[in-house]
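Fold and geometry: a report
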Protein chains: 2
Amino acid sequence: MLSAATEPPSLVHEVEPGPELLDAAAATLRMLAEPTRLHLLWQLANGPKTVSELTAAAGVPRTVASQHLAKLRHSGLVDTRKDGRNVIYSLRDGHLVRLIRETINHADHQMTGEPTHS
Amino acid sequence: MLSAATEPPSLVHEVEPGPELLDAAAATLRMLAEPTRLHLLWQLANGPKTVSELTAAAGVPRTVASQHLAKLRHSGLVDTRKDGRNVIYSLRDGHLVRLIRETINHADHQMTGEPTHS
DNA sequence: AATATGAGTGCATAAGTTCGCACCTATGCA
DNA sequence: TGCATAGGTGCGAACTTATGCACTCATATT
């Protein structure tokens, strides 16, 4: 019951997130936490793409890509627009781009020898 | 094979992540993508804590906290240190703090009125 | 009109996850 | 030595998730 540990390192935020916030955050993270979906989102971080382009880039069967895109759509992370027989996907929130890049970045650092970052 | 969509918005990175990187990133995200675990990590973003402190903060039964902490340990996201009969957990990588805060931040924006732009 | 192509859906199987119970180890204290 | 406390583990039950198959819908092209 003592505030143990070595020493208080920052006490910067101290904000208690609350269950709803945590659930929302976890829900978003669950969407990112699958290699194929992350790949699709990463592609979209470069700008809008059609399903064909996304499918080709991710290297998965069409139904699989479609299912994942459906999840992303239903969770509100991406937007769609129709152009002829193509459907063009795009990221809904620019904020997400930063999150995705931060994630890939982190993984990259972790793999290539763990340099404390710059 | 046409670079469809509206127009190329940035072409900044263009780097293809590759399966291993994506798997690694997804693995890390899976660790974050669970409300209790995210809560624990959020606590740790404020500095090292004992299991008791973490368990109390997260408001879950001890065994549950223990299982989640085990996962975090085994995935290398946290470090442990023993002090008497307490075990003190801490974040392994400072980079992770940014990722966690970015995530909570994103979720917060998304909840409090969706001011994402349209 | 007929057909090919881009995209989405419903469903079943397989695989993974969380939770809580029962049980165990280690440290400190009387 | 005996006991309380901090923390961890193994396992089964319930739940969630990813995948691929078969099928449908819509838009072009001929």
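Residues numbered from 1 in each chain as written. Chains lettered and ligands numbered in written order. Predicted model: local features only at pLDDT ≥ 70, side-chain atom pairs only at ≥ 80, totals over all residues. Heavy atoms only, no water.

As annotated in an unreviewed UniProt entry, chain A carries the name Helix-turn-helix transcriptional regulator and comes from Paeniglutamicibacter terrestris.

**Some remarks on the packing of helix α5 (residues 94-111) of chain A against helix α5 (residues 94-111) of chain B**
For the pair α5 of chain A and α5 of chain B, the least separation of the axes is 10 Å and the interaxial angle reads 160°. With respect to each other, α5 of chain A and α5 of chain B are oriented roughly antiparallel. As α5 of chain A runs across α5 of chain B, the sense of the crossing is left-handed. Between α5 of chain A and α5 of chain B, the contacting residues are H95, L96, R98, L99, E102, T103, H106 and H109 of chain A on the first element and H95, L96, R98, L99, E102, T103, H106 and H109 of chain B on the second. When the residues that make up the contact of α5 of chain A with α5 of chain B are grouped by side-chain class, the tally is four nonpolar, eight polar and four charged. (Axes fitted to C-alpha atoms, helices over the stretch in contact; angles between N-to-C directions. Helix = DSSP H or I, 4+ residues; strand = E, 2+ residues; numbered from the N terminus. Parallel < 35°, antiparallel > 145°, perpendicular 65-115°, else oblique. Left-handed = near helix turned anticlockwise from the far one by under 90°. Contact = heavy atoms within 4.5 Å. Nonpolar A, V, L, I, M, F, W, Y, C, P; charged D, E, K, R; others polar.)

**A look at the protein's contact with DNA strand D**
Neighbouring DNA strand D are 24 residues; H68, K71 and G84 of chain A together with S52 and Y89 of chain B lie closest to it. Counting only the atoms of DNA strand D within 4 Å of the protein, the fraction contributed by sugar and phosphate is 78%. Here a phosphate oxygen of DNA strand D sits 2.4 Å away from a polar atom, N or O, in the side chain of S52 of chain B. Between DNA strand D and the protein, one listed contact pairs a sugar or linking oxygen with a side-chain N or O atom of N86 of chain B at 3.1 Å. Listed by contribution, the elements that provide at least two residues to the surface near DNA strand D are α4 (62-74) of chain A together with α3 (51-58), α4 (62-74) and β3 (86-91) of chain B. Partitioned by chemical class, the residues of the surface near DNA strand D number six nonpolar, 10 polar and eight charged. (Near = heavy atom within 4 Å. Polar contact = N/O pair within 3.5 Å; in protein donor to acceptor, adjacent residues only side chain to side chain.)

**Looking at the relation of the copies chain B and chain A**
Superposing chain B onto chain A takes a rotation of 180° plus a shift of 0.0 Å along the axis, which leaves an RMSD of 0.1 Å. A rotation of that kind, with that shift, is consistent with a two-fold axis. Mapped onto chain A, 95% of the interface residues of chain B again fall at the interface, so both copies present the same surface. (Least-squares fit on C-alpha atoms with pLDDT ≥ 70 in both.)

**Some thoughts on the protein's contact with DNA strand C**
As a structural note, the neighbourhood of DNA strand C is formed by 24 residues, with S52 and Y89 of chain A together with R37, H68 and K71 of chain B the closest of them. Within 4 Å of the protein, the contacting atoms of DNA strand C are 72% sugar and phosphate, with bases supplying the remainder. In the model, a phosphate oxygen of DNA strand C is placed 2.8 Å from a nitrogen or oxygen of the K71 of chain B side chain. Elements with a minimum of two residues in the surface near DNA strand C: α3 (51-58), α4 and β3 (86-91) of chain A together with α4 of chain B. Residues belonging to the surface near DNA strand C are distributed by class as follows: six nonpolar, 10 polar and eight charged.

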